[in-house]
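Coordinate analysis (summary)
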4 protein chains.
Amino acid sequence: MMKRIGILTSGGDAPGMNAAIRAVARKALHEGLEVYGINYGFAGLVAGDIFKMDLHTVGDKIQRGGTMLYSARYPEFAKEEGQLRGIEQLNKFGIEALVVIGGDGSYHGALRLTEHGYNAIGLPGTIDNDIPYTDFTIGFDTSVNTVVEAIDRLRDTAASHERTFVVEVMGRGAGDIALWAGVAGGAQDIIIPEHEFNVKAIADRLRRSRELGQKHAIIVLAEGVMHADEFAKELSAYGDFQLRATVLGHVVRGGSPTARDRVMASQMGAYAVELLLQGKGGLAVGIQNNKLVSHPMLDLFDAKHQAELSLYDLAQDLSF
Amino acid sequence: MMKRIGILTSGGDAPGMNAAIRAVARKALHEGLEVYGINYGFAGLVAGDIFKMDLHTVGDKIQRGGTMLYSARYPEFAKEEGQLRGIEQLNKFGIEALVVIGGDGSYHGALRLTEHGYNAIGLPGTIDNDIPYTDFTIGFDTSVNTVVEAIDRLRDTAASHERTFVVEVMGRGAGDIALWAGVAGGAQDIIIPEHEFNVKAIADRLRRSRELGQKHAIIVLAEGVMHADEFAKELSAYGDFQLRATVLGHVVRGGSPTARDRVMASQMGAYAVELLLQGKGGLAVGIQNNKLVSHPMLDLFDAKHQAELSLYDLAQDLSF
Amino acid sequence: MMKRIGILTSGGDAPGMNAAIRAVARKALHEGLEVYGINYGFAGLVAGDIFKMDLHTVGDKIQRGGTMLYSARYPEFAKEEGQLRGIEQLNKFGIEALVVIGGDGSYHGALRLTEHGYNAIGLPGTIDNDIPYTDFTIGFDTSVNTVVEAIDRLRDTAASHERTFVVEVMGRGAGDIALWAGVAGGAQDIIIPEHEFNVKAIADRLRRSRELGQKHAIIVLAEGVMHADEFAKELSAYGDFQLRATVLGHVVRGGSPTARDRVMASQMGAYAVELLLQGKGGLAVGIQNNKLVSHPMLDLFDAKHQAELSLYDLAQDLSF
Amino acid sequence: MMKRIGILTSGGDAPGMNAAIRAVARKALHEGLEVYGINYGFAGLVAGDIFKMDLHTVGDKIQRGGTMLYSARYPEFAKEEGQLRGIEQLNKFGIEALVVIGGDGSYHGALRLTEHGYNAIGLPGTIDNDIPYTDFTIGFDTSVNTVVEAIDRLRDTAASHERTFVVEVMGRGAGDIALWAGVAGGAQDIIIPEHEFNVKAIADRLRRSRELGQKHAIIVLAEGVMHADEFAKELSAYGDFQLRATVLGHVVRGGSPTARDRVMASQMGAYAVELLLQGKGGLAVGIQNNKLVSHPMLDLFDAKHQAELSLYDLAQDLSF
């Protein structure tokens, strides 16, 4: 019978990670388990930066952005030597199983530990929404809302000065943040890696829109496509649209998580503990069609997250 | 071939209604239709308070709370006489079909119009999330986030003074807002109409929680159960929990819609126009398992929305 | 030469108290002093709930609502016996002087300690802005902004349904929150304890405003005047204004402080340490005409804070 | 007796401009004047883009960012020819006097009109707070709060990954936004044009702070000093501080104004109308020591706004 589990966060921080940590800890405590927090992801695991968690540790944390367990890159964990040193620490602290919250990069480490006999369950924690086998990742909803709020602000200036703003948003190789924020922000155009685009056509649409009396516009650009400055330069070759380029950088990673992110993170955290209690490991938790699911991590490594491209068409239909 | 459609909002206003209106109008314009806005719901229909909409009418509206078409109660539309007067106006303005955004009460009027030969599609616009055949209604996500933000604020005072707050939230007969906001707000207990509760057991849990060192707590109470004052009084019979009761009233109906509400409202609005173009009417649009769906309005009248009760159990497991 | 100071918060919590605590602690540490936090105000002082603070204690706190030192009522400190027990604790911990953050009620205790030879400086921490010899109190700006945000939300519903909202706001006997939030919220009328009012005249103005085409309105009511329900009842005797009453309760006490509150709290906290270093005590810090000031606490007890009544006249001129 | 006034906004938009426009219009209407809105600043004046305003025009606008009267650059107004064409339009519409809301650049045009016999009063509308003879400008408080909110978000990521963020903020040649936001955001260092700085000393402070256990930091950099990337590069020459540079661009210009900005804008707007009614012109309105003031525009052209440098010292004392 399992008695003691660990939790760590890995990769870029995302709002809702603390809600997930809290849920893992509280669910585990509720089930009579002991819970250990591991600071700085796999680096801290190897270094033995590990501490016992109780109700207070996770009190008043559900609303906080970032991760109370810190995060760090640690490529050394890809090698067996790193893994063995991590396992040494698990043994030292008597930790039998783990929950790993992070991007799919962190799932590799989690799978290795499972193979060594230490069950690990992965939770999708990243603002980018770029993890397969889940419709949404922890942090995505918050990030999209932060971008939309920024677009609302930019629109004030765009409208006052009749400008066109090119807004570059995070998302690494994925266009999900751009897509959702673009539709919600009423963007004239959305440029994402998953869909071809034609700068001249965008310019033509913009010109037509101006002729129809819409004197300002927002264009949302996923960082995975190109830089805002670059895009603005290309676009300005086709006409004077009073362009301004702006980059929403790290601000969209932080902040208090939305209700949706907190609820989903709580559900996933509790579910991960249930899976561990069933003796399972090597699974990635997701939400699909509003239902909690789990898939073998191995399946994720070959798969690719699909952006909701119907939103692209919707945006095209609604802006002209 | 249909050429002209109307839009109206009915029942209580909800954030995202404007995003839905915008989507209906723009999708319709994109399809070459003419669009008419009907002010004040069915009352305005009967009174002929109707105007032509264009791109500008719905410009810069996606981010606005409330409804730009106003809303009003109009029980007279339940009678055939009211309906016939409404149809007179439809004929006068050449409106062949309608989109009706509102609670399921407004679907009755929409169905009557469909039966008279004027296709009407219903969109679920209410913060209460109490409409069957849809997982979410337009406005619900915003409302939950507003409640959660309020809980975050209350927690500051609760923690500083080691108090227990009973927070009454809207939702009419439904507990959805309380459930979601309770989980996201880290509530100690959630009281909803859909689940039995026992005040003594709640008091016991609170006492145990205090003994475990958690000196403050939030209890979320759905208005459909009882008033916060009443509940606080009942609870205080079982111990001194430094109770304070607070009622989050109409503030949770307003405000700029969240990204989720804007996206969903936009999807539903465009979808309603597609259904009308297919010659359909008497259908209620919903979202189920992340997919747009439509159901005959008649089916909704006998059905009852089910709250996501797994959240209730989750909240119980995570707070102790 | 003074070596060790203490800090406590007393009375109702207010946003910005943590920024003040942080400033006192950091300024003191910067000056080479040792700093002790006293939990639960004067109650904790008497109970010896006292701990040493360092840079970490106040790290990442400037943005938090509430008070990290907790607060509690403790009327027993009005008696000499309570004071002597508090002094016992000061001696035990070697604390020579104090900063007391709270309403003017807490200044009495602070003055007693000063008279006993333990210099105490008071900082005005309350959302109510009801402390004399300071233009603003810590927490007031945040509270006003929270109320204004709520009014903005209510306006969405008021406009959609053409209603008049009576919004009751905190402030105890003072009308400052109502005044500032009323002007900033574009209120039709503001009812405060410091200015007479006539319900019939308010009704007449409302009626005239409706005749001029303004179909919705917000009336801001200070809690020190009467309850919103009561006022709505009185007002409705003069006409049907589609009235709704709403009470913004404890939510306006919490939340992350505004920039203004954080800056002012930081200035006052550092200034309090400077005064202690100059060997001063029994002084209340304030801000007047944008300048930090200090006044003998004794002077405050006879004085009365004056609300900025020019805002009342301004509101009357701008709404009609 | 003056009967008709005009309003225009000029230069960069700022939150609160609409509150000022509303106050000018409503105060003027209250005094029995007629009010005309002039779109696009002096460009619109010359072009005759002028319309009559009533209560409805400014209804529901107090909470909106940007300027409902649009803004545009129009250097041609520096020449007499431009001015004469503007005056032609004033005559055509019967406008006898104006309120000009904008940066001090727009005061030159306003003064020229006054000299031609058309009294003009200037209101300080800019986020930069760089106008002399006023402690605060309309939009500054909102902008600072937006920056602080962004810093709070960045701190989540900074803390999770133990990074140092260099945050570049707007302000043109002035450091006010950086100063206020830096103090309110708990910045480790603030770099402004008005104060010398030494990159090596900043690096030393950072290193010492890290040694004291503070593993993350925020450095706020005014755009008037240099670019964030540049600064980060210079700083990184002195050590590895896990630096990330981020630029808060146009987002800090938009958004709903804070209570403070709305109140101040309302006061200034009403005051401007009073001055016009007294037959005055060529005056710039300001707020000094919490009191409304007016100064001859000529005096402003030679003067320079002074940043509140005591905040610089405060920030140094509180961060180490």
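Residues numbered from 1 in each chain as written. Chains lettered and ligands numbered in written order. Predicted model: local features only at pLDDT ≥ 70, side-chain atom pairs only at ≥ 80, totals over all residues. Heavy atoms only, no water.

**So, empty space enclosed by the protein**
Inspection of the entire model under this criterion finds eight cavities of 30 Å³ or more. Forming the boundary of the largest cavity are 18 residues, of which T146(A), A150(A), V251(A), A150(D) and V251(D) lie nearest the centre. In terms of residue class, the lining of the largest cavity is built from ten nonpolar, four polar and four charged. Here the second largest cavity defines a volume of roughly 180 Å³. Contributing elements (two or more residues each) for the lining of the second largest cavity: α5 (140-161) of chain B together with α5 (140-161) of chain C. (1 Å grid on protein atoms, 1.4 Å probe; cavity = no way out; pocket = protein on both sides within 12 Å on 5 of 7 lines; lining within 4 Å. Points joined across faces, edges and corners; volume = space filled by probe spheres on them. Nonpolar A, V, L, I, M, F, W, Y, C, P; charged D, E, K, R; others polar. Helix = DSSP H or I, 4+ residues; strand = E, 2+ residues; numbered from the N terminus.)

**Here's the deal with the interface of chain B and chain A**
Taken together, the contact pairs 45 residues of chain B with 45 residues of chain A. For the pair chain B and chain A, the summed buried surface comes to about 4300 Å²; carbon and sulfur atoms form 57% of the total. Broken down residue by residue, the surface that chain B buries against chain A is led by R260(B), L318(B) and F320(B), which jointly contribute 16%. Viewed at the interface, chain A and chain B are joined by six salt bridges. Here D317(A) and K27(B) are joined by a salt bridge, their closest N and O atoms 2.7 Å apart. For the interface between chain B and chain A, the tally reads 21 residue pairs in polar contact (both at pLDDT 80 or more). Take the side of chain B that touches chain A: its biggest share by element is seven residues, from helix α9 (residues 259-277) of chain B. The residue inventory of the side of chain B that touches chain A, partitioned by class, reads 18 nonpolar, 15 polar and twelve charged. (Contact = heavy atoms within 4.5 Å. Buried area = accessible area lost by both parts, 1.4 Å probe. Salt bridge = Lys/Arg side-chain N within 4 Å of Asp/Glu carboxyl O. Polar contact = N/O pair within 3.5 Å; in protein donor to acceptor, adjacent residues only side chain to side chain.)

**Some details on the relation of the copies chain B and chain A**
When chain B is fitted to chain A, the best match, at an RMSD of 0.0 Å, comes from turning it 180° and sliding it 0.0 Å along the axis. What we have between these two chains is a two-fold relation. Of every C-alpha in chain B, the one belonging to N289(B) sits nearest the axis of rotation, 2.0 Å from it. (Least-squares fit on C-alpha atoms with pLDDT ≥ 70 in both.)

**Thoughts on the environment of S143(C)**
Residues and elements named next belong to chain C. Here S143 shows up in helix α5. What makes S143 buried here is its relative accessible area of 0%. Considering only alpha carbons, one finds S143 and P15, 128 residues apart in sequence, at a separation of 7.8 Å. Among all residues touching S143, those that are not within four sequence positions of it are I127, I177 and V252. (Buried < 20%, exposed > 50% of the residue type's maximum accessible area, 1.4 Å probe, protein only.)

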